[in-house]
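Spelled out, the chains give:
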Amino acid sequence: MLIWFIYLPVVAYIGSAISVDIFPEYYGIVPMLWGNVNFWLFVLLVPFVCNLRDFVWKYAKRMYRPLPYHFVQEIQKYNLPDYRPRMDRFRQAVNKVRRIQRLKRNRGYAFSQNDSDQNKIIRVYDTTQQKPLG
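Residues numbered from 1 in each chain as written. Predicted model: local features only at pLDDT ≥ 70, side-chain atom pairs only at ≥ 80, totals over all residues. Heavy atoms only, no water.

Check the secondary structure of the protein and you find 6 helices and 0 strands. Secondary structure elements of the protein, listed N to C terminal, follow the sequence α-α-α-α-α-α. Within the span of the protein, comprising 134 residues, buried residues form 8% of the whole. Looking at the protein as shown, the accessible area adds up to about 13,300 Å², and 62% of this sits on carbon and sulfur atoms. (Helix = DSSP H or I, 4+ residues; strand = E, 2+ residues; numbered from the N terminus. Buried < 20%, exposed > 50% of the residue type's maximum accessible area, 1.4 Å probe, protein only. Areas by Shrake-Rupley, 256 points an atom, 1.4 Å probe, with all protein chains shown as cover.)

So, in structure tokens, the structure goes:
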């Protein structure tokens, strides 16, 4: 449409200035056409009416009979959080719980004592005396 708005005055003015015989039907058309209210009304009204049916159809289809991909598009458009668990996140959570359970089972050494018992044993043992040779 933009190209036509540029093309029309070029052909009407420059073409008629070069030779009247090239485009005789375009001579004087620009002021008559662009000065007419009906022309501008139809330039704006016709594309609107032609697209109105498509817009109404899409609106009715999305509002009253949405398909699953319409819901996905809305979730993506409005950046809504999805509260359903994802399998990869679920697997990660399960693995983390299993690792923690393994750590709890394997904590400490088989020969370790409580700190209070170990301190008593160390304090009772006298390091100043030597062992008898024997």
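Over its 28 residues, helix α3 (residues 37–64) runs 39 Å from end to end, which matches the ideal 40 Å to within 8%, given 1.5 Å per residue. The backbone nitrogen of Asn38 lies 3.0 Å from a side-chain oxygen of the residue at the head of α3, namely Asn36. (Expected span 1.5 Å × (residues − 1). Polar contact = N/O pair within 3.5 Å; in protein donor to acceptor, adjacent residues only side chain to side chain.)

Another point: the confidence of the model for the protein. For any part of a model where pLDDT is low, the fine detail of the predicted coordinates should not be relied upon. For the protein, mean pLDDT is 80; residues scoring 70 or higher make up 75% of the total. Within the protein, α3 carries the highest mean pLDDT (93), whereas helix α6 (residues 115–124) carries the lowest (64). (pLDDT = per-residue confidence, 0-100.)

In this section: the environment of Ala17. With respect to the helices and strands, the residue Ala17 is situated in helix α1 (residues 2–18). Assessed through its relative accessible area of 64%, Ala17 is described here as exposed. For the pair formed by Ala17 and Tyr27, sequence separation is 10 residues and the distance between their alpha carbons is 9.5 Å.

Checked against the element boundaries, His70 lands in helix α4 (residues 68–78). Excluding residues within four positions of it along the chain, His70 makes contact with Lys61 and Arg62. (Contact = heavy atoms within 4.5 Å.)

Aromatic rings in a pair are described by how distant their centres are and how their planes are angled relative to each other. Counted according to the given criterion, the structure contains 6 aromatic pairs. For the ring pair Trp4 and Phe5, a centre distance of 5.4 Å and an interplane angle of 75 degrees mean the geometry is edge-to-face. Residue Trp4 is classed as partly exposed on the basis of its relative accessible area, which comes to 34%. An angle of 45 degrees between the planes, with centres 5.9 Å apart, marks the rings of Phe5 and Trp34 as tilted. Residue Phe5 is located in helix α1, and its partner Trp34 is located in helix α2 (residues 29–34); the two are separated by 29 residues in the primary sequence. Residue Trp34 is classed as partly exposed on the basis of its relative accessible area of 29%. Chaining the aromatic ring pairs together yields one cluster made of Trp4, Phe5, Trp34, Phe39 and Trp40. (Phe/Tyr/Trp six-rings, centres within 6.5 Å; stacked < 30°, edge-to-face > 60°.)

Let's shift gears to a positive patch on the surface. Taken together, the side chains of Lys58, Lys61, Arg62 and Lys77 present a region of like positive charge at the surface. Residue placement: Lys77 occurs in helix α4. (Patch = residues over 30% accessible without salt bridge, like charges linked within 9 Å, V, L, I, M, F, W, Y side chains within 5 Å. Salt bridge = Lys/Arg side-chain N within 4 Å of Asp/Glu carboxyl O. Lys, Arg positive; Asp, Glu negative; His and termini not counted. Charge placed at Lys NZ, Arg CZ, Asp CG, Glu CD.)

Taken together, the side chains of Leu41, Phe42, Leu45, Val46, Phe48, Val49, Leu52 and Val56 present a nonpolar region at the surface, about 720 Å² in accessible area. Position of Phe42 relative to the elements: it lies in helix α3. Accessibility expressed as a relative area gives 48% for Phe42, which makes it partly exposed.

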